[in-house]
Amino acid sequence: MDNFVHMKSPTDIKACIFDLDGVIVDTAHFHFLGWKRLADELNIPFTEEENEKLKGVPRMESLAHILGLGNIELPESEKRDLAIRKNEWYKEYIKGMDPDDILPGVTSFIDELHASNIQVAIASSSKNAGTVVDKINYRDKIQALVDGNMVKKGKPDPELFLLAASMLNVDPHFCVVFEDAYSGIEAALKAEMRNIGIGEPEYLNNADFVIPGFSKFSLTGLKQLYLLPV
Ligand code: BG6
Ligand code: MG
């Protein structure tokens, strides 16, 4: 745990910033399926474990990583075409999504935050984030949405989270980030925000704390982790 940053943290939480893919909905799996299909076509070995490194990482950087695994160099125009293909598959996979796809416990946790006057934002590297938010009817649940169309750099750069905090008008030190990606936790740390990893501690060893999901999580539990008054 990185105590240094949080020693400076105020004894309050004013905003929670959620990653989308793999935190609110299981679209992280659809991203993997898209990349796997592309890698298979290019005869590049690509595993779910390797995919952990791509979680949170923007589209073109993810493609560059996969091509690197196969030692393949391509002109920019061909890379664009491949990225478009993967994205078309991804859009096909998310077509049937609806509010039933929201992961267990997420909505009740967010409702609890609102009841305690804690603001809520979604910050995702994905350019498809708005589409997914609409499919699950989540516009009214959040005060800000920051996606990959709005920033120059995706995660692990802190730009997405800092923009979310500024849209909410909250100092980054009062924010908590929820992330399933190593790159997303890196971004939160660079933004000097508290952060909770969602998933396996093995992959999220840079996070302040790791939880398996929201079904047994509450605001009281969050405050207790940071030794804040409840
Ligand atoms: C992140 C996902 O949220 O968005 C990554 O974790 C994905 O897997 C990235 O590559 C970019 O998404 P998109 O939809 O713009 O290709
Ligand atoms: Mg994610």
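Residues numbered from 1 in each chain as written. Chains lettered and ligands numbered in written order. Predicted model: local features only at pLDDT ≥ 70, side-chain atom pairs only at ≥ 80, totals over all residues. Heavy atoms only, no water.

1. Section: the overall build of the protein
When its secondary structure is counted, the protein shows 10 helices and six strands. The C-alpha atoms of the protein give a radius of gyration of 17 Å, which matches the 17 Å a tight globule of 230 residues would have. Referenced to the eigenvectors of the C-alpha coordinate spread, the extents of the protein come out at roughly 55 × 35 × 30 Å. For the protein, the proportion of contacts with a sequence separation of at least 24, taken over those separated by at least 6, is 63%. With an accessible surface of roughly 11,000 Å², the protein has 50% of that area assigned to carbon and sulfur atoms. Considering the protein, the positive charge centre built from 24 side chains and the negative charge centre built from 36 side chains are found 3 Å apart. (Helix = DSSP H or I, 4+ residues; strand = E, 2+ residues; numbered from the N terminus. Rg over C-alpha atoms; globule rule 2.2 N^0.38 Å. Contact = heavy atoms within 4.5 Å. Areas by Shrake-Rupley, 256 points an atom, 1.4 Å probe, with all protein chains shown as cover. Lys, Arg positive; Asp, Glu negative; His and termini not counted. Charge placed at Lys NZ, Arg CZ, Asp CG, Glu CD.)

2. Side note on the domain arrangement of the protein
One can read the domain layout of the protein as domain 1 (3-25 + 98-225) and domain 2 (28-94). Domain 1 and domain 2 are separated by 25 Å when their C-alpha centres are compared. Listed per partner, the contact involves 15 residues of domain 1 and 13 residues of domain 2. Summed over both sides, the interface of domain 1 with domain 2 buries roughly 1,100 Å², with 53% coming from carbon and sulfur. (Domains from an automatic or database assignment. Buried area = accessible area lost by both parts, 1.4 Å probe.)

3. Things to note about the site of ligand 1
Residues in close proximity to ligand 1 total 13 residues, the closest being D21, R59, S126, K127 and N128. With respect to ligand 1, the backbone of G56 contributes an N or O atom lying 2.8 Å from an oxygen atom. Protein chains bury 98% of the 390 Å² of accessible surface belonging to ligand 1 in isolation. A class-by-class count of the residues in the shell around ligand 1 yields two nonpolar, seven polar and four charged. In terms of domain composition, the shell around ligand 1 takes at least three residues from each of domain 1 (3-25 + 98-225) and domain 2 (28-94). (Near = heavy atom within 4 Å. Polar contact = N/O pair within 3.5 Å; in protein donor to acceptor, adjacent residues only side chain to side chain. Nonpolar A, V, L, I, M, F, W, Y, C, P; charged D, E, K, R; others polar.)

4. What about the pairing of strand β1 (residues 15-18)?
Of the two faces of β1, both are covered, the one formed by A15 and I17 as well as the one formed by C16 and F18. Both β1 and strand β2 (residues 119-123) contribute to a ladder of four bridges, which runs parallel. By the bridge assignment for β2, C16 is matched with V120. The pairing of β1 with strand β4 (residues 175-179) spans four bridges and is parallel. (Buried < 20%, exposed > 50% of the residue type's maximum accessible area, 1.4 Å probe, protein only. Pairing = 2+ DSSP bridges.)

5. Digging into the packing of aromatic side chains
The tally for this structure, following the rule as stated, stands at 12 aromatic pairs. Arranged with centres 6.3 Å apart and planes meeting at 75 degrees, the rings of F178 and F217 form a pair that is edge-to-face. Note that F178 is positioned in strand β4 and F217 in the loop between β6 (209-211) and α10 (219-225), a separation of 39 residues in sequence. F178 sits in the buried class, given a relative accessible area of 0%. Judged by relative accessible area, F217 falls into the buried class, the value being 13%. Seen from the ring of Y90, K86 lies directly overhead, with NZ or CZ sitting 5.0 Å from the centre. (Phe/Tyr/Trp six-rings, centres within 6.5 Å; stacked < 30°, edge-to-face > 60°. Lys NZ or Arg CZ within 6 Å of the ring centre and 35° of its normal.)

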